[in-house]
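# Coordinate analysis (summary)
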Amino acid sequence: MSSSEAVNYDSVPLVEVEIDGTDYRLDAGKQGTALCISTRVSGSWDWAFGGEARWDVGSLRSKAFERRTLDQLSRAFKAALENAD
């Protein structure tokens, strides 16, 4: 799946966070069944689709990213969900 099919980069992301010089953004997939994780080098403009993830009992699950990165993204996503209330 290409990034143009998976993510609308013109819309506001659910979460955007910087980890170790890389920007990550979480978006709802166009089909609404998964979260999409995209990356870019901090300071650049172009996002690259990295893979899909699912929210499972308070944490993100994805085979496309390292556990450490997913843990940090999970904390940011959880904080965004709490702030949305």
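To start, this report covers the structure provided alongside it. These numbers come from a predicted model, not from an experiment. (Residues numbered from 1 in each chain as written. Predicted model: local features only at pLDDT ≥ 70, side-chain atom pairs only at ≥ 80, totals over all residues. Heavy atoms only, no water.)

## Some thoughts on the overall build of the chain
Helices and strands together make up the secondary structure of the chain, namely two helices and five strands. Helices (α) and strands (β) of the chain occur, in sequence order from the N terminus, as α-β-β-β-β-β-α. Over its C-alpha trace the chain gives a radius of gyration of 12 Å, about what one expects of a compact globule, namely 12 Å for 85 residues. Viewed in the frame of its principal axes, the chain has a C-alpha envelope of about 30 × 30 × 25 Å. Looking at the chain as a whole, 35% of its 85 residues qualify as buried. (Helix = DSSP H or I, 4+ residues; strand = E, 2+ residues; numbered from the N terminus. Rg over C-alpha atoms; globule rule 2.2 N^0.38 Å. Buried < 20%, exposed > 50% of the residue type's maximum accessible area, 1.4 Å probe, protein only.)

## Description of the side chain of Arg25
Mapped onto the elements, Arg25 comes out in strand 2 (residues 22–28). Classification of Arg25 by relative accessible area gives buried; the value is 3%. Polar contacts involving the side chain of Arg25 include one to the main-chain carbonyl oxygen of Ser11, which spans 3.0 Å. In terms of polar contacts, Arg25 uses its side chain to reach the side chain of Asp27, at 2.7 Å. Leaving out residues up to four positions away in the same chain, Arg25 has contacts with Asn8, Tyr9, Ser11, Val12, Pro13, Val15, Glu16, Cys36, Ile37, Ser38 and Trp47. (Polar contact = N/O pair within 3.5 Å; in protein donor to acceptor, adjacent residues only side chain to side chain. Contact = heavy atoms within 4.5 Å.)

## Section: the packing of aromatic side chains
Each pair of aromatic rings is reported with the distance of its centres and the angle of its planes. Scanning all chains against the criterion turns up two aromatic pairs. Ring centres of Tyr24 and Phe65 lie 6.2 Å apart, and the angle between their planes is 70°; this geometry places the pair in the edge-to-face category. In this pair, Tyr24 is assigned in strand 2 and Phe65 in the loop between strand 5 (59–61) and helix 2 (67–83), connecting sequence segments 41 residues apart. Grouping residues by exposure puts Tyr24 and Phe65 together as buried. (Phe/Tyr/Trp six-rings, centres within 6.5 Å; stacked < 30°, edge-to-face > 60°.)

Function cannot be read off these values alone, since they describe shape.
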